[in-house]
Amino acid sequence: MSGISTALCFQFSSHIPNMKTTVRALLAICAVSAVQAGVLHVPACPEPHGVQTYAHPDLCDHYFKCTNGTVTLEQCENGLLYDGKGNVHNHCNYNWAVECGTRKADSLTRPLGTPGCLYQFGIYPEGPHCSTNYIKCAHGVPHPTPCEPGLAYDDKTHSCNWPDLLLDTCNPEAIVGFKCPEKVPAHSVSAKFLPYPRYPIPGDCGRLITCVNGFPRLITCEHGKVLDEESLTCEDYELVPKCANFVRK
Ligand SMILES: *[C@@H]1O[C@H](CO)[C@@H](O)[C@H](O)[C@H]1NC(C)=O
C-alpha cells in the first residue's frame, strides 16, 4: 500500500462520525506508518475502481473500505468483527467466527443489546432448554428462526445440530418423532445400514430416519430425490413410481 500525507490523515478523520475512536485509530496508523516510513500517512487504496476492504492493523472491530479509490475507516456494528471473509452485515462477521490475532476488539466489552439480543448482531439460544428455534439478532431486533426439521439449536457451534449430539438438553425421540427399535431384524433392509440402521417414515417420500447409537436422526433426501422404501435410499423420482407425485413441503 502507498501512503497519503499527514494533511489528508486529518482531513480523513473529519469524515468519520465517531471521532474518539477515529482519532485513536488514526494515531495508531500514523504512528506505525511514521516509524516505518519516516512520514505520517494512512493507507491509500491500491485499486482505483470498485469496493475493497482491508483489515485494520490494530482494531478487529474496524476496517478500511476503498470505494472507487477513496479510503474510509469503517466500524463493524455491535457484536460483529472484521475478518475479510464472513459478511453478516457491511463486510463484518459474527465475533465468535473471527480470528482477531493481535487486533483488539474493544467493542465486545460494550454490548449495546436490547431485550433478547446481547449485541445488536448475533445468534442466541431461546433459553437454557432444548429448542428447535434460535434467535437471530439484526440491528438489535430478535428474529426467532427455526432450525431445519429434525435439528435443534447448538449454542456451542451457534448453529443447528443433530439432537443426538445435544443429549445434555435434548430428547432426539421427541424432536424427530421416532423411537429407534432396540433390535434390528436380521436380513432386513434396515440391517443393511448397520451400525446406522435406516427406517422409512410412513407417508413421507422426502425423508428417512437413521439411528445413531440408538437415537434417531431425520435425514432429508437431496433436492430432486425421493425415498425408495425398498432400498431405503434416496433415488431419482423416475425410479420410485410410488412417489412420482410427491411435492416437498
Ligand atoms: C464507482 O464507479 C462506478 C463507475 O465509474 C460508478 O458506476 C459507481 O457508482 C461508483 N460507486 C460509488 C459508490 O461511487
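This structure is a prediction, so every number in the text was calculated from the model and none was measured. Counting of residues starts from 1 at the beginning of each chain's written sequence and follows it residue by residue. Residues qualify for local features only when their pLDDT is at least 70, as the model is predicted, and side-chain atom pairs are given and counted only at 80 or more; totals for whole chains, interfaces and linings, by contrast, use all residues. Derived side-chain values reflect all non-hydrogen atoms in the structure, with water molecules and hydrogen atoms excluded from consideration.

## Digging into the pattern of salt bridges
By definition here, a salt bridge exists when the distance from a side-chain nitrogen of Lys or Arg to a carboxyl oxygen of Asp or Glu is within 4 Å. As enumerated under the stated definition, the model contains six salt bridges in all. When the shortest N-O distance is used, the salt bridge between Glu-173 and Lys-179 registers 3.7 Å. Only protein chains enter the accessibility calculation, which uses a 1.4 Å probe. A residue is then buried if its area is under 20% of the maximum for its type, exposed if over 50%, and partly exposed in between. Assessed through its relative accessible area of 26%, Glu-173 is described here as partly exposed.

## Digging into the sheet that holds strand E1 (residues 51-55)
By the convention used here, strands pair only if DSSP detects at least 2 bridges between them. Only runs of H or I of at least four residues qualify as helices and only runs of E of at least two qualify as strands under DSSP, and these elements are numbered from the N terminus. On the basis of which strands lie adjacent, the open sheet formed by three strands has the order E1-E2-E3 and antiparallel pairing. Among the strands making up the open sheet, the edge pair consists of E1 and strand E3 (70-75). The sheet shows a mean angle of 30 degrees between the axes of neighbouring strands, direction not considered. Working convention: axes come from line fits to C-alpha atoms, limited for helices to the stretch in contact. Angles between N-to-C directions cover 0 to 180 degrees.

## As for the state of the cysteines
A pair of sulfur atoms, both from cysteines and within 2.5 Å, is called a disulfide here. In the structure shown here, the tally under the stated rule is nine disulfides. The partner cysteine of Cys-221 in its disulfide is Cys-234, sulfur to sulfur 2.1 Å. Given an S-S torsion of about -75 degrees, the disulfide between Cys-221 and Cys-234 has left-handed geometry. Placement of the pair is Cys-221 in the loop between strand E13 (215-220) and strand E14 (225-228) and Cys-234 in strand E15 (residues 233-236), with a sequence separation of 13 residues. On the accessibility criterion, Cys-221 (3% relative accessible area) is buried. What makes Cys-234 partly exposed here is its relative accessible area of 22%.

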